[in-house]
Amino acid sequence: MQWHEVAKGKSWLAKPCFCPAQKCKPTEVQEGTAGIWAVRCFCGTKCRWSFNMQAFQHFLKHLLQQTIMPVEKGPGSSQSKLSGPNPRLTVPLALVTLISAFGSSFQYGYNVSVINSPAPYMQDFYNQTYMNRHGVSMDESFQTLLWSLTVSMYPLGGFFGSLIVGPLVNNCGRKGTLLINNLFSIVAAVLMGTSEIAKTFEVIIVSRVIMGIYAGLASNVVPMFLGEMSPRNLRGAIGVVPQLFITLGILVAQILGLTSILGHAEGWPLLLGLTGIPSALQLLSLPFFPESPRYLLIQKGDEDQARQALQRLRGWDDVDDEIEEMRQEDKSEKEEGHLSVFTLCTFRGLRWQLISIVVMMMGQQLSGVNGVFYYADRIFLSAGVEANNVQYVTVSIGAINVLMTFLAVFIVESLGRRILLLAGFGLCCGSCAVLTLALNLQNTVSWMSYLSIVCVIIYIIGHAIGASPIPFVMITEMFLQSSRPAAFMVGGSVHWLCNFTVGLVFLYMEAGLGAYSFLIFCGICLATMIYIFFIVPETKNKTFMEINRIMAKRNKVEIQTDVEQMMDLQTVPSVKADKPEVLGSDL
C-alpha cells in the first residue's frame, strides 16, 4: 500500500506550503524526501510540507486500519482482486497465526534464553550428581565441557532439524509437520523436568538436542505455513509474527528465570519443563484449522480442499482469483517437480534468490546480536547498575526487543521489506561502530558508559525491526512452491550453523580482540546492507509469480508469457501462448 493511497484527498493534510503560487491541494500526495509529504502544485512544481504531528497521527491511524482490517470494496473496485474483494485479517487466519506462532516459534525463543539464569544451579547439579556416582568432585575442565555441550547442542540440533524440513513438509504437509514436531518438544520437556528426580544430567544434554531439532523445524515451517496461507497484502505482517513470538519467548524465559520466581536451586527443573505446555496446546487446537491451500492445490492436487481452506481463511466464497493464481504457479513448475537442495544450488533460474537468502541469513546471525547480549551485563555494571539489579535491566532489554518487533508487524506492509532490512542493518552497523569507541573510552570518559547503553538499545531496535524478522519473510516470497522447502532447508541450515559458530567462536574472539570484536560485526552489517541495496528487490504486495518475474531478470532466464501473466478480472489482455518473452538483465 502506497502512502498516497491512504492520504489522497484528506482535508487534514491541507497546510500552507513553500510554493510561491500557494495553490497546493492534497490531491496528489506522494512520499517526500524533504518532508513528510510532497504534493504537485498547480504551477507544475513540487512543494515541501513541514512536519505536522496531529496530521501524521491521523494518517498513521488510518494507515493501520487499512493495513490490518481494510474495508471491503465493491465489485467495481480498481484494486487487485487476486484474493477476493479486499483481503483482510479474518478470525480464522488470526487464530491459526497465533496458535502456530505460540505453539512453535515461542518455544524457539524460550529455549534460547531459559538456561541463562539458572546456569549456576544447573552446574551445581551436574557436580553433585557426579560426586554421588564417583565419590569425588567433577574436574573443572570436564564441568566446563559438559556445560558447553548443554549450550551448543541446541543450535546444533537446530541445524539437524533444518535438514529434515523438506522431506517432512512435502510428505506430511505444513500443518502435519507442526503437529508431528510437537512430540519432540513434549518428550524433551518431560525429560528435562524430571532430570533432577532421576539424578541424571545426561538427559538434559540429550533433551537440548531434541529441542534444537524441534526449533530447527519450527523456525522454518511456521513462516512457510503462514506465508502460504496469507493474502499478499498481509503476508509481510503475518510473516513477522513468528519472530514476535520468538522475542516474546525470550522475554518470558527471562522473567520466569528471575531468582525471585524460578531461577533458583529448586525451580530450574520446572522452568525447563514448562516448554511442553505451548506444544500441548497446539497439538490440541491446530487440527481444527485448515492446511496450507497452496500445498493442497499445487502439491496434492486437491482443488476442492484448497478452495474450502481459502474460503474459510478469507471469509468469503469467491476465491477464484487466488485459485487461478495458484494454477498459474503450478503450470510454471510442472516440468521442474520438487527441487532438491542440490538441484536448487545448481539451478540458474534461482541463483540470485539462493545467494540472497544465504547472505541475509549469515548477516542476521553474524551481525553480533549474541555478542551485544553477552556484553550487556558488563555495560550496565559499568554504568553503575547494581549487580542484583542487572537481571531486571536485562528483562527490560528483552521487553524493548518485543515492542520493536511488534512495531515491525504494523509497518512492514507500509514501508516494505527493503526499507526495514536496510534500516535494521544500518542501525546495527552504526551502533556497533560507536559501541567499539564507547567501550574503549569508558574508563577515561565517564559518560561513555551511558553512550554504551544507548548503543545497545539502538542495536536491539535495528535487529528487531529488520535483521531478525524479515529474512524468513523473504525466503517465503522469493521462491515458488516447488523450491520453497529446499530454500528453507538451505536458509535454516545457514541460520543455525552461523548461530552455532558465533557461540563457539565469540568467547575466543572477545578474549583476543576485546571491544574491537564489534568492528567485525560492523563490517558484516555494512556488507549485508550493501548487498541488499543493490540486489534484493522489494516484494511488498506482489504475488509469488510477480516476484519470480522480477528475479528472472536478475538471473537472465526466460519465462513463458502465458505462465507469468497474472489474470485481471476486469481486462484480460490477449497473449500469444506460444511466444516466450525473453526478459532482459536490466537490473
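Refer to the preceding data block for the structure.
1. Quick word on the overall build of the protein chain
At step 1: In terms of regular secondary structure, the protein chain is built from 26 helices and five strands.
At step 2: The proportion of buried residues among the 587 residues of the protein chain is 53%.
At step 3: Looking at the protein chain alone, contacts between residues at least 24 apart form 78% of all its contacts between residues at least 6 apart.

2. Here's the deal with a nonpolar patch on the surface
At step 1: A cluster of nonpolar side chains, namely Leu513, Tyr516, Leu519 and Ile520, defines an oily patch on the protein surface of about 360 Å² accessible area.
At step 2: Residue position: Ile520 is located in helix H24 (residues 517-534).

3. Topic: the packing of aromatic side chains
In this description, an aromatic ring pair is defined by two values, namely the gap between the centres and the angle between the planes.
At step 1: Evaluated as defined, the whole model comprises 14 aromatic pairs.
At step 2: Taking the centre distance of 5.8 Å and the plane angle of 85° together, the rings of Tyr154 and Trp496 count as edge-to-face. Here Tyr154 is found in helix H5 (residues 140-163), whereas its partner Trp496 is found in helix H23 (residues 484-513), with 342 residues between them in sequence. The residues Tyr154 and Trp496 share a single accessibility class, namely buried.
At step 3: An angle of 25° between the planes, with centres 6.0 Å apart, marks the rings of Phe506 and Phe521 as stacked. In this pair, Phe506 is assigned in helix H23 and Phe521 in helix H24, connecting sequence segments 15 residues apart. The same class applies to Phe506 and to Phe521, which are both buried.
At step 4: Linked through ring pairs, Phe125, Tyr126, Trp147, Phe201 and Trp268 together constitute an aromatic cluster.
At step 5: Lying over the aromatic face of Phe544, Arg484 brings its terminal NZ or CZ to 4.5 Å of the ring centre.
At step 6: In this arrangement the basic side chain of Arg554 is found over the ring face of Trp352, its NZ or CZ atom lying 5.8 Å from the centre.

4. Let's talk about unusual backbone geometry
At step 1: A positive phi angle, close to 60°, is found at Asn541, a residue other than glycine.
At step 2: Along the chain, Asn541 falls in the loop between H24 and helix H25 (544-555).
At step 3: Not every positive phi belongs to a glycine, and Lys556 is a case in point at roughly 60°.
At step 4: By the element assignment, Lys556 lies in the loop between H25 and strand E4 (558-559).

5. Focus on the state of the cysteines
At step 1: Applying the stated criterion across every chain, the model contains zero disulfides.
At step 2: Free of any disulfide, Cys429 has its nearest cysteine sulfur in Cys522, 3.5 Å distant.
At step 3: Assessed through its relative accessible area of 14%, Cys522 is described here as buried.

6. Concerning the pattern of salt bridges
Oppositely charged side chains may form a pair once their charged atoms are brought near each other.
At step 1: Within the structure shown, the criterion is met by 14 salt bridges.
At step 2: Of the charged contacts, one joins Glu202 and Arg133 as a salt bridge, the two residues approaching to 2.7 Å between their closest N and O atoms. Taken together, the residues Glu202 in helix H9 (residues 202-229) and Arg133 in helix H4 (residues 119-134) connect sequence positions 69 residues apart.
At step 3: Under the relative-accessibility criterion, Arg133 is labelled partly exposed at 40%.
At step 4: Two residues, Glu228 and Arg174, come together in a salt bridge whose shortest N-O distance is 2.9 Å.

7. Looking at the side chain of Ser517
At step 1: By the secondary structure assignment, Ser517 is in helix H24.
At step 2: Take Ser517: its relative accessible area is 0%, and that puts it in the buried class.
At step 3: With residues up to four places along the chain from it excluded, the contact list for Ser517 reads Phe506, Met509 and Glu510.

8. Structural notes on the packing of helix H3 (residues 91-113) against helix H7 (residues 174-193)
At step 1: Following both chains from N to C, one finds H3 and H7 inclined at 40°, their axes separated by 11 Å at the closest point. As judged from the angle between their axes, H3 and H7 are oblique. Read as a crossing pair, H3 and H7 show a hand that is left-handed. The residues of H7 that touch H3, namely those facing Ser100, Gly103, Ser104, Gln107 and Asn111, are Leu178, Asn182, Ser185 and Met192.

9. Thoughts on the environment of Leu420
At step 1: Looking at the element boundaries, Leu420 is found in helix H20 (residues 417-441).
At step 2: Sequence separation between Leu420 and Ile465 is 45 residues, and the spatial gap between their C-alpha atoms is 6.3 Å.
At step 3: Those residues in contact with Leu420 that sit more than four places away from it in its chain are Ile411, Val412, Leu415, Ile465, Gly466 and Ile470.

10. Concerning empty space enclosed by the protein
At step 1: This structure, assessed with the given rule, holds two cavities of 30 Å³ or more.
At step 2: Empty space within the second largest cavity amounts to approximately 80 Å³.
At step 3: The wall of the second largest cavity is formed by Ser105, Ala218, Ser219, Pro223, Gly239, Pro242, Gln243, Ile246, Pro469 and Phe472.
At step 4: A total of four residues in the lining of the second largest cavity trace back to one element, the largest contributor, which is helix H10 (residues 235-256).

11. Notes on the packing of helix H17 (residues 351-366) against H25
Each packed pair of helices is defined by two parameters, the angle between the axes and the distance between the axes.
At step 1: At a closest axis distance of 8 Å, the pairing of H17 and H25 adopts a crossing angle of 100°. In terms of axis orientation, H17 runs roughly perpendicular to H25. Each of Arg351, Trp352 and Gln353 in H17 lies in contact with H25, whose residues at this interface are Asn548, Met551, Arg554 and Asn555.
At step 2: Here the residues of the contact of H17 with H25 sort into two nonpolar, three polar and two charged.

12. Considerations on helix H19 (residues 390-415)
At step 1: Taking 1.5 Å of rise per residue, 26 residues should cover 38 Å, and H19 covers 35 Å from first to last C-alpha, within 8% of that figure.
At step 2: Its maximal kink placed at Val409, H19 deviates by approximately 40°.

The rules we used
Residues numbered from 1 in each chain as written. Predicted model: local features only at pLDDT ≥ 70, side-chain atom pairs only at ≥ 80, totals over all residues. Heavy atoms only, no water. Helix = DSSP H or I, 4+ residues; strand = E, 2+ residues; numbered from the N terminus. Buried < 20%, exposed > 50% of the residue type's maximum accessible area, 1.4 Å probe, protein only. Contact = heavy atoms within 4.5 Å. Patch = residues over 30% accessible without salt bridge, like charges linked within 9 Å, V, L, I, M, F, W, Y side chains within 5 Å. Areas by Shrake-Rupley, 256 points an atom, 1.4 Å probe, with all protein chains shown as cover. Salt bridge = Lys/Arg side-chain N within 4 Å of Asp/Glu carboxyl O. Phe/Tyr/Trp six-rings, centres within 6.5 Å; stacked < 30°, edge-to-face > 60°. Lys NZ or Arg CZ within 6 Å of the ring centre and 35° of its normal. Disulfide = S-S within 2.5 Å. Axes fitted to C-alpha atoms, helices over the stretch in contact; angles between N-to-C directions. Parallel < 35°, antiparallel > 145°, perpendicular 65-115°, else oblique. Left-handed = near helix turned anticlockwise from the far one by under 90°. 1 Å grid on protein atoms, 1.4 Å probe; cavity = no way out; pocket = protein on both sides within 12 Å on 5 of 7 lines; lining within 4 Å. Points joined across faces, edges and corners; volume = space filled by probe spheres on them. Nonpolar A, V, L, I, M, F, W, Y, C, P; charged D, E, K, R; others polar. Expected span 1.5 Å × (residues − 1). Bend = angle between axes of the 7 residues up to and from the residue.

Geometric values such as these leave the question of function open.
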